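In case you want the letters, here they are:
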Amino acid sequence: MTGVEPFTAGDKVEDKEEFISENTPNSASSLSPESPTHWISGNLTMRGTTKNIKFPAAVTIADGTVKAKAGFNIDRTAWGLAYGDEATAVDKAKDQFIYNTVSLVLDVTAQ
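Thresholds applied
- Residues numbered from 1 in each chain as written.
- Predicted model: local features only at pLDDT ≥ 70, side-chain atom pairs only at ≥ 80, totals over all residues.
- Heavy atoms only, no water.
- Helix = DSSP H or I, 4+ residues; strand = E, 2+ residues; numbered from the N terminus.
- Buried < 20%, exposed > 50% of the residue type's maximum accessible area, 1.4 Å probe, protein only.
- Contact = heavy atoms within 4.5 Å.
- Areas by Shrake-Rupley, 256 points an atom, 1.4 Å probe, with all protein chains shown as cover.
- Salt bridge = Lys/Arg side-chain N within 4 Å of Asp/Glu carboxyl O.
- pLDDT = per-residue confidence, 0-100.

Caption draft 1: Focus on the overall build of the chain. Looking only at helices and strands, one finds 2 helices and 5 strands in the chain. Along the chain, from the amino end to the carboxyl end, the secondary structure elements read β-α-β-β-β-α-β. Relative to its 111 residues, the chain shows a buried fraction of 26%. Put simply, of all contacts in the chain between residues at least 6 apart along the chain, 60% involve residues at least 24 apart. Of the roughly 7500 Å² of accessible surface on the chain, 53% is carried by carbon and sulfur atoms.

Next up, the structure:
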């Protein structure tokens, strides 16, 4: 985690437009908790690449326990994740038919 900010009444979760198919990823707003309380920022490292991400979360603190629920999307290409090695025209073409959007859902409980 690199930061926590309050989620205010005017805040909005932005959705990315995707082409429609039977495998269309969930929108960011549908993955987001029903009543977010905070924006959480943190560093996500995949394949040696670190990017700071920010997402809405529903956070509660009670009886010495912190609970956080979140759902959000990332763009896999920001971390260099592509189909195959893209060395051939066929691999490059296949990558055009795979969504760049990857959905993540978190349900964390900590003492």
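Caption draft 2: Representation of the pattern of salt bridges in the model. Applying the stated rule across the entire model yields 2 salt bridges. Of the charged contacts, one joins Glu5 and Lys54 as a salt bridge, the two residues approaching to 3.5 Å between their closest N and O atoms. With Glu5 in strand β1 (residues 3-6) and Lys54 in strand β3 (residues 49-62), this residue pair connects regions lying 49 residues apart in the sequence. For Lys54, a relative accessible area of 44% translates into the label partly exposed.

Caption draft 3: Structural context of unusual backbone geometry. In this structure, Arg47 takes a positive phi of about 50 degrees despite not being glycine. Note that Arg47 resides in the loop between β2 (38-46) and β3. Although it is not a glycine, Asp63 adopts a positive phi angle of roughly 50 degrees. Mapping Asp63 onto the fold places it in the loop between β3 and β4 (65-75).

Caption draft 4: Structural view of the confidence of the model for the chain. Looking at the chain, pLDDT values average 89 and 86% of them are 70 or higher. Per-element mean pLDDT across the chain ranges from 63 in helix α2 (residues 89-95) up to 97 in β3.

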